Amino acid sequence: MWRKPTRPRQRRSSPIQFPNISPEIFSISAFGMEFALRWYALAYIVGILIGWRIVVATVNRATLWPKDTAPITARQVEDLLTWVILGVIAGGRLGYVLFYKPAFYLANPGDIIRIWDGGMSFHGGMLGVIVAGWLYCQKHGLLKLQVGDAMALGVPVGLFLGRIANFINAELWGRPTDVPWGVIFPGHAAQDCGQLAALCARHPSQLYEALMEGLILGVVMLYLAYRRGALKAPGTITGTFFVGYGLARFIVEFFRQPDAQFISEGNPLGLAIHLNGYGFTMGQLLSLPMIALGAYLILRARRS
């Protein structure tokens with residue numbers, strides 16, 4: 001929960017200049033059009049491919065699973081991948097529309113499909129993947145919790161690469177700060193901190209998320225699956241992901257700049273709900289049900 005902000009401390013050290021990295025890896029012109037490969041697109045592609053290989057390697061290790069039998073075959077994982085991609089795109093976009101800008105898209109419904117303009121919600125994408133996985137398991141008669149555990153193992157690597165791409169794109173930066181590792185992100189919006197002269201440094205919150213939601217959470221989940229036999233208790237890995245991501249995102253929200261539509265003169269912290277300066281951001285609100293669901297799944301697995 002947030003509290004009212006206090007006066008910032010005097011800056012003690014020089015901030016870090018944002019590295020000169022182009023969001024585009026390369027671009028080519030053909031047929032009068034410009035085609036570019038961006039770091040964010042590459043992160044999605046590589047993250048999905050590595051996640052897919054992690055899941056395939058895990059289901060090929062039958063001894064990791066209850067009764068030494070994997071809940072899904074490697075071939076079915078390939079089929080499920082298509083469903084997951086569609087779930088990420090549809091859920092991520094609809095989540096952003098409903099959670100962050102419902103009034104705007106209600107007035108401009110034609111803009112909902114303009115995903116190339118940006119605007120995706122992880123929580124919405126997660127819901128899309130859950131729905132896609134549930135439908136696939138329902139269609140093929142697969143054990144949903146065990147398949148969910150397999151799918152969860154492949155997610156952190158995509159989160160890690162995606163947050164690194166966010167940093168390269170100089171987007172989703174953090175709140176103004178005077179810590180030594182604060183970064184001077186380019187652009188008018190990033191530099192609009194209310195300061196009179198000096199450049200504005202911000203928390204590199206994308207890197208905080210890459211470390212917590214991606215690297216640390218991924219290592220913990222793989223350790224539990226491969227060294228602690230967690231896959232033999234269905235729901236443990238899925239629950240660990242929900243709790244781990246929810247806690248990481250809840251913490252990072254204290255350092256991450258909220259979406260502009262939540263910020264106002266009376267609400268400078270951008271809290272989605274608040275009372276007298278205390279409240280929660282939208283990211284924190286959406287993370288609380290994840291933490292609760294994850295805790296329930298872990299307790300349920302331990303009791304079964």
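Further up the page is the structure itself.
Summarised in this report is the structure supplied together with it. (Residues numbered from 1 in each chain as written. Predicted model: local features only at pLDDT ≥ 70, side-chain atom pairs only at ≥ 80, totals over all residues. Heavy atoms only, no water.)

**Some points on the state of the cysteines**
Right, on to step 1. What the rule picks out here adds up to one disulfide.
Right, on to step 2. Across the disulfide, cysteine 193 is cross-linked to cysteine 200 (sulfur-sulfur distance 1.8 Å). Across the disulfide from cysteine 193 to cysteine 200, rotation about the S-S bond amounts to roughly -75°, and the bridge is consequently left-handed. (Disulfide = S-S within 2.5 Å.)

**Points about the packing of aromatic side chains**
Two numbers describe a pair of aromatic rings. These are the distance of the centres and the angle of the planes.
Right, on to step 1. Inspection of the entire model under this criterion finds eleven aromatic pairs.
Right, on to step 2. A ring pair is formed by tryptophan 83 and tyrosine 136, whose centres lie 5.3 Å apart and whose planes are at 80°; its orientation type is edge-to-face. Here tryptophan 83 is found in helix 2 (residues 74-99), whereas its partner tyrosine 136 is found in helix 4 (residues 122-140), with 53 residues between them in sequence.
Right, on to step 3. Assessed through its relative accessible area of 27%, tryptophan 83 is described here as partly exposed.
Right, on to step 4. A centroid spacing of 5.0 Å and a plane angle of 85° characterise the contact between phenylalanine 104 and tyrosine 105, whose relative ring orientation is edge-to-face. (Phe/Tyr/Trp six-rings, centres within 6.5 Å; stacked < 30°, edge-to-face > 60°. Helix = DSSP H or I, 4+ residues; strand = E, 2+ residues; numbered from the N terminus. Buried < 20%, exposed > 50% of the residue type's maximum accessible area, 1.4 Å probe, protein only.)

**Notes on helix 6 (residues 155-168)**
Note that an α-helix has 3.6 residues per turn; residues three or four places apart therefore point the same way.
Right, on to step 1. Here helix 6 contains 14 residues, and its C-alpha end-to-end distance of 20 Å stays within 8% of the 20 Å for a straight helix at 1.5 Å per residue.
Right, on to step 2. Residues of helix 6 that are buried make contact with helix 1 (39-59), helix 4, helix 5 (144-153), strand 4 (183-184), helix 8 (205-227) and helix 9 (236-252).
Right, on to step 3. Following helix 6 by one or two positions, alanine 170 adopts a phi angle in the positive range, close to 55°. (Expected span 1.5 Å × (residues − 1). Contact = heavy atoms within 4.5 Å.)

**Considering the pattern of salt bridges**
Right, on to step 1. This model, assessed by the stated rule, comprises six salt bridges.
Right, on to step 2. One salt bridge in this structure joins glutamate 209 and arginine 163, with 3.2 Å as the shortest N-O distance. You can see glutamate 209 sitting in helix 8 and its partner arginine 163 sitting in helix 6, a full 46 residues away along the chain.
Right, on to step 3. When its relative accessible area of 0% is taken as the criterion, glutamate 209 is described as buried. (Salt bridge = Lys/Arg side-chain N within 4 Å of Asp/Glu carboxyl O.)

**Let's talk about helix 1**
Right, on to step 1. For helix 1, which comprises 21 residues, the first-to-last C-alpha distance of 30 Å matches the rise-based estimate of 30 Å (1.5 Å per residue) to within 8%.
Right, on to step 2. Residues of helix 1 that are buried: Ala43, Gly47, Gly51, Trp52, Val55, Val56, Thr58 and Val59.
Right, on to step 3. If you follow the buried residues of helix 1, they end up packed against helix 2, helix 5, helix 6 and helix 8.

**As for the packing of helix 1 against helix 5**
Right, on to step 1. Where helix 1 meets helix 5, the closest approach of the two axes is 7 Å, and the angle between their N-to-C directions is 135°. When the interaxial angle is binned, helix 1 and helix 5 end up oblique. Considering the relative orientation of helix 1 and helix 5, their crossing is right-handed. The residues of helix 5 that touch helix 1, namely those facing Ile54, Val55, Thr58 and Val59, are Ala150, Met151 and Leu153.
Right, on to step 2. Residues belonging to the contact of helix 1 with helix 5 are distributed by class as follows: six nonpolar, one polar and no charged. (Axes fitted to C-alpha atoms, helices over the stretch in contact; angles between N-to-C directions. Parallel < 35°, antiparallel > 145°, perpendicular 65-115°, else oblique. Left-handed = near helix turned anticlockwise from the far one by under 90°. Nonpolar A, V, L, I, M, F, W, Y, C, P; charged D, E, K, R; others polar.)

**Section: a nonpolar patch on the surface**
Right, on to step 1. A cluster of nonpolar side chains, contributed by Tyr44, Ile45, Val46, Leu49, Ile50, Ile85, Ile89, Ile115 and Met120, occupies part of the molecular surface with about 670 Å² of accessible area.
Right, on to step 2. At the level of secondary structure, the elements contributing two or more residues to the nonpolar patch comprise helix 1 and helix 2.
Right, on to step 3. A total of five residues in the nonpolar patch trace back to one element, the largest contributor, which is helix 1.
Right, on to step 4. In this fold, isoleucine 50 is placed in helix 1.
Right, on to step 5. Overall, isoleucine 50 belongs to the partly exposed group, its relative accessible area being 36%. (Patch = residues over 30% accessible without salt bridge, like charges linked within 9 Å, V, L, I, M, F, W, Y side chains within 5 Å. Areas by Shrake-Rupley, 256 points an atom, 1.4 Å probe, with all protein chains shown as cover.)

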